[in-house]
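The lines below spell out each chain.
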Amino acid sequence: MKKIIALSFGLMLAAAAASAQPSITYAKHALQAGDVHQTRTVTQVNPGASGPNVVWDFSASPIVGEVYDETLSAAGGRIVATNKNGVSFQFDVTPYGNDYYGYQVGPHTLVYEQPVLKTKYPFSFMDQHSGSFTGYITQGAQKYAVEGTFSSEVDGYGTLKLPGGVTLNNVLRVKTVDAQQQQYGSVNSYTEVKYLWYSQDFRYPVFVCIQSVNERNGSRSESNTAHVSVAALNPLAPKSTTPEPGVTVGEVEHRIFPNPVETSTSISYTLPKAAKVSVAVYSSSNVCLQKLVHGVQQEAGSYAYSYAPQLPGIYFVRFAFGDKVYVETIVKK
């Protein structure tokens, strides 16, 4: 009997450990219209090992270049991610995953005949999927065939150390491989291996390494790039601010009206007693957009501030009143 009990207890511990592992989910990580995902380039890095409980240390990698924006919008029932170079990538985002339909830049268009499943939900350690695809590239009146294979797997989890001293725990790494041949008269072969690190506290990848190889007419070129999320470098997330210790404020009446928002909304609250107050607005990708009140001691009474979201989508308002913290949602039409 003791052996049976011990075995059962061991299985319970194993199940608990498995359930504690992070996962990429639709609720936390799906692409959202209205977001602006910002990154900065990091000098070339080695993506490191795969497996459980890995420590990926990029803390000594210098950051170079300006902030790189990728804006997400809704068009024709899809999510369109457009970077500052004018390249637009099209996705169908559902609770089951992100289907990739191709991209467009100027007159140059890549279209998949069947969408490529880039990410599935949920996606956990050792999960994987793969397949093949066909499609075409258009350049003005010209049309070229494309075919290839793709694969995606969660190949590791652990701790990620970012440049600047930021450390993130319970991070998942996704490895994707895209190998394709493009018929430009001669065969142009292109292979891209991408490593993406996902945190439970940020919607978009917090770190990315891209390794690509291009072969055409006997010539071969390689490139290696890395990018870090600006939001992760400045982790002022709604749940990260510590309320003033030792001050009990009690429940605070607070309100956002109108909500949903057409142009602007009023963010208001009534303090039952004096307290230190912080009120800030965040994007759904965890970026602090505006600090309405920042650690100010306010007397008992009513206060109101106006906020005008710029793009349609979801925003969060974080209230901190002494020892009380509230997070509310704003919807911009």
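Just so it is clear, the structure is predicted and the values come from calculations on it, not from any experiment.

A look at empty space enclosed by the protein
In the structure shown here, the tally under the stated rule is three cavities of 30 Å³ or more. The computed volume of the largest cavity comes to approximately 60 Å³. Looking at the largest cavity, the residues that line it are V116, L117, K118, H129, F150, S151, S152, T176, V177 and D178. Of the residues in the lining of the largest cavity, the class split is four nonpolar, four polar and two charged.

Some points on the pattern of salt bridges
Side-chain pairing between opposite charges can occur once the charged atoms of the two side chains come close. Overall, the coordinates contain six salt bridges when judged by the stated rule. Where E215 meets R220, a salt bridge forms, and the shortest distance between an N and an O atom there is 3.5 Å. On the basis of relative accessible area, E215 is assigned to the partly exposed category, the value being 37%. With a relative accessible area of 51%, R220 lands in the exposed category. The structure contains a network of salt bridges with shared partners spanning E215, R220 and E222.

Quick notes on the environment of L271
Mapping L271 onto the fold places it in strand β17 (residues 265-271). In sequence terms L271 and F321 are 50 residues apart; their C-alpha atoms lie 8.2 Å from each other.

With respect to the sheet that holds strand β21 (residues 313-321)
The antiparallel open sheet is built from four strands, whose spatial order is β19-β18-β21-β22. What marks the edges here is a single partner per strand, and that holds for β19 (288-298) and β22 (324-332). The mean inter-strand angle of the sheet, taken between neighbouring strand axes irrespective of direction, is 10°. Here seven bridges tie strand β18 (residues 275-283) to β21, and the two strands are oriented antiparallel to one another. Looking at β21, one finds that Y282 is bridged to F316.

Here's the deal with the layout of surface pockets
Here the largest pocket is characterised by a volume of approximately 1,400 Å³. Contributing to the lining of the largest pocket are 45 residues, with E70, F89, E192, K194 and I210 lying nearest its centre. In terms of residues, the lining of the largest pocket owes the most to one element, strand β4 (residues 63-75), which gives six residues. Here the residues of the lining of the largest pocket sort into 22 nonpolar, 16 polar and seven charged.

Details of the environment of L172
If you trace the backbone, L172 turns up in strand β12 (residues 167-184). For L172, a relative accessible area of 0% translates into the label buried. Those residues in contact with L172, other than ones at most four positions away along the chain, are P22, S23, I24, F123, F125, V154, G156, Y157, L196, W197 and Y198.

Let's talk about the sheet that holds β17
An order of β16-β17-β20 is seen for the three strands of this open sheet, with the pairing classed as antiparallel. At either end of the open sheet lies a strand with only one pairing partner, and these are β16 (253-257) and β20 (301-307). Going from strand to strand, the sheet's axes swing by 15° on average, the running direction of each strand aside. In this structure, β16 lies alongside β17, joined through five bridges in antiparallel fashion. What sits directly across from H254, in β17, is Y269.

Section: the packing of aromatic side chains
Aromatic ring pairs are reported here in terms of the distance separating the ring centres and the angle at which the planes meet. On inspection of all chains with the given rule, the structure shows 18 aromatic pairs. Ring geometry for Y269 and Y305: centres 6.3 Å apart, planes at 25°, overall stacked. Placement of Y269 in strand β17 and of Y305 in strand β20 is noted, with a sequence separation of 36 residues between them. Taking relative accessible area as the criterion, Y269 reaches 2% and is therefore assigned buried. Y305 sits in the partly exposed class, given a relative accessible area of 23%. Following the ring pairs from residue to residue traces out a cluster consisting of F89, F91, Y100, Y103, Y112, F133 and F150. The ring of Y101 carries R78 above its face, with NZ or CZ at 3.6 Å from the centroid. Looking at K143, its charged tip hangs above the ring of Y136, at a distance of 4.1 Å from the centre.

Observations regarding the side chain of S283
Structurally, S283 can be placed in strand β18. Overall, the relative accessible area of 9% leaves S283 in the buried class.

As for the confidence of the model for the protein chain
A residue-level look at the protein chain finds 88% of positions with pLDDT of 70 or above and a mean pLDDT of 85. For the protein chain, helix α1 (residues 2-20) is the element with the lowest average pLDDT, namely 39, and strand β3 (residues 51-57) is the one with the highest, namely 96. Note on residues 1-19: pLDDT under 50 across the span, and zero contacts to partners over four residues away in sequence or across chains. Under a pLDDT of 50 for its full length, residues 236-246 has, in the predicted model, 25 contacts with residues more than four places off or in other chains.

Procedures and definitions
- Residues numbered from 1 in each chain as written.
- Predicted model: local features only at pLDDT ≥ 70, side-chain atom pairs only at ≥ 80, totals over all residues.
- Heavy atoms only, no water.
- 1 Å grid on protein atoms, 1.4 Å probe; cavity = no way out; pocket = protein on both sides within 12 Å on 5 of 7 lines; lining within 4 Å.
- Points joined across faces, edges and corners; volume = space filled by probe spheres on them.
- Nonpolar A, V, L, I, M, F, W, Y, C, P; charged D, E, K, R; others polar.
- Salt bridge = Lys/Arg side-chain N within 4 Å of Asp/Glu carboxyl O.
- Buried < 20%, exposed > 50% of the residue type's maximum accessible area, 1.4 Å probe, protein only.
- Helix = DSSP H or I, 4+ residues; strand = E, 2+ residues; numbered from the N terminus.
- Pairing = 2+ DSSP bridges.
- Axes fitted to C-alpha atoms, helices over the stretch in contact; angles between N-to-C directions.
- Contact = heavy atoms within 4.5 Å.
- Phe/Tyr/Trp six-rings, centres within 6.5 Å; stacked < 30°, edge-to-face > 60°.
- Lys NZ or Arg CZ within 6 Å of the ring centre and 35° of its normal.
- pLDDT = per-residue confidence, 0-100.

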